[in-house]
Amino acid sequence: MPMIDADGCLLNVSVEGRDGGPTLMLSNSLGCTLQMWEPQMKALTQVFRVIRYDRRGHGKSTVAPGPYTMERFGRDVLAILDDLNIEKVHWCGLSMGGMVGQWLGANAPERFGKLILANTSCYYAEPTKWLERIDAVKKGGIAAVADAVIAGWLTQDFREREPAITAKMKSMLLASPVEGYLACCEALSTLDQRALLPKIKSPTLVIAGRHDVATPISAAELIRSNIPGASMTIIDAAHISNVEQPHAFTDAVVGFLTQR
Ligand SMILES: O=C(O)CC1=CCC(=O)O1
């Protein structure tokens, strides 16, 4: 896996899949590493060259000092594409990954074919929940918020049915570097990309989770209705819909990206 330098921050990047096929870049949710895409990798790598990466402050990437912004995350992605000498990719980002996708779609449209913005938001009307989370993590580490976060990621039904997958997701969250996690929460506490959405011209699919309370269907609808021509699919899942409903998520991604 290459480590790619983005203005002094080393980003852990993985490139797999069909050589010469169209390229799809995947972007993670807060508190997740590139491993969150494992349920999709077998199917996606048959059709696409797939790029995954750990956002700065997460996984094996450098925990560069904050503050972080969506622009910083977007410029990290452009640094990866430049380093790999890739002109254009399709984008699928979940949660924070979808927020970075909004920034890229509006600010670097020539580098992106189609966009998939899953379980995401363009702004938070109530940023206090992020300030409370920052406070709790500063006092008690990620363990202090882990159960509540996991309850938002996966429905109770899924957690009871799939305890091993749930435990794996919780370990991933708990392994997040605290400083990187906090810097991302700070970026979320000031998020407002509403003005960017009408500038997005790429064909866009918005994916929402029927049981997602972190970024509810109303947040997805706000994004869909402000991006010209965007469509929306609702999946029977909570926030991390690609893990909770891997087949429905993969089918939505492949269907949208391969349709003419
Ligand atoms: O981790 C969460 O609580 C949910 C979330 C919101 C933005 C994001 O990336 O994850």
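Above this text you will find the structure in question.
Residues numbered from 1 in each chain as written. Predicted model: local features only at pLDDT ≥ 70, side-chain atom pairs only at ≥ 80, totals over all residues. Heavy atoms only, no water.

1. Looking at the site of the ligand
- Lining the immediate environment of the ligand, one finds Ser29, Leu30, Ser95, Met96, Tyr124, Trp130, Arg133, Val149, Trp153, Leu188, Ala214 and His239.
- Measuring from an oxygen atom of the ligand, one finds a side-chain N or O atom of Ser29 at 3.3 Å.
- Between Met96 and the ligand, the recorded distance is 3.1 Å, taken from a backbone N or O atom to an oxygen atom.
- Coverage of the ligand by the protein amounts to 97% of the 280 Å² it exposes when considered alone.
- Those elements that place two or more of their residues in the shell around the ligand are α4 (128-140) and α5 (143-153). (Near = heavy atom within 4 Å. Polar contact = N/O pair within 3.5 Å; in protein donor to acceptor, adjacent residues only side chain to side chain. Areas by Shrake-Rupley, 256 points an atom, 1.4 Å probe, with all protein chains shown as cover. Helix = DSSP H or I, 4+ residues; strand = E, 2+ residues; numbered from the N terminus.)

2. Remarks on helix α2 (residues 70-83)
- Counted at 1.5 Å a residue, the expected span for α2 with its 14 residues is 20 Å, and the 20 Å between its end C-alpha atoms agrees.
- Those residues of α2 not exposed but buried are Met70, Arg72, Phe73, Gly74, Asp76, Val77, Leu78, Ile80 and Leu81.
- Just downstream of α2, Asn85 is the residue with a positive phi angle, here 60°. (Expected span 1.5 Å × (residues − 1). Buried < 20%, exposed > 50% of the residue type's maximum accessible area, 1.4 Å probe, protein only.)

3. A short note on the packing of aromatic side chains
- Following the criterion strictly, the structure yields four aromatic pairs and no others.
- Ring geometry for Tyr68 versus Phe73: centroids 5.6 Å apart, planes at 75°, classification edge-to-face. Pair check on accessibility: Tyr68 and Phe73 agree, each one buried.
- Ring geometry for Trp91 against Phe112: centres 5.9 Å apart, planes inclined by 85°, an arrangement best described as edge-to-face. With a gap of 21 residues between them, Trp91 in strand β5 (residues 89-94) and Phe112 in strand β6 (residues 112-118) connect regions that are remote in the sequence.
- Judged by its relative accessible area of 2%, Phe112 is buried.
- Looking at Arg56, its charged tip hangs above the ring of Tyr68, at a distance of 5.9 Å from the centre.
- Between the NZ or CZ atom of Arg194 and the centre of the ring of Tyr123, over which it lies, the distance is 3.6 Å. (Phe/Tyr/Trp six-rings, centres within 6.5 Å; stacked < 30°, edge-to-face > 60°. Lys NZ or Arg CZ within 6 Å of the ring centre and 35° of its normal.)

4. Some words on unusual backbone geometry
- Here the bond from Gly66 into Pro67 is cis, since omega is -5°, no more than 30 degrees from zero.
- Even without being a glycine, Asp7 presents a positive backbone phi close to 50°.
- The topology assignment puts Asp7 in the loop between β1 (3-6) and β2 (9-17).
- The phi angle at Asn119 is positive, at roughly 45°, despite the residue not being glycine.
- Counting through the fold element by element, Asn119 comes out in the loop between β6 and α4.

5. Focus on the packing of α5 against helix α7 (residues 163-174)
- α7 packs onto α5 with a crossing angle of 135° between their chain directions and a minimal axis gap of 10 Å. One way to sum up the angle between α5 and α7 is to call them oblique. For α5 against α7, the interelement crossing comes out right-handed. Together, Ala143, Ala146, Asp147, Val149, Ile150 and Trp153 of α5 and Thr166, Met169, Lys170, Leu173 and Leu174 of α7 make up the contact between the two elements.
- Residue composition of the contact of α5 with α7, grouped by class: eight nonpolar, one polar and two charged. (Axes fitted to C-alpha atoms, helices over the stretch in contact; angles between N-to-C directions. Parallel < 35°, antiparallel > 145°, perpendicular 65-115°, else oblique. Left-handed = near helix turned anticlockwise from the far one by under 90°. Contact = heavy atoms within 4.5 Å. Nonpolar A, V, L, I, M, F, W, Y, C, P; charged D, E, K, R; others polar.)

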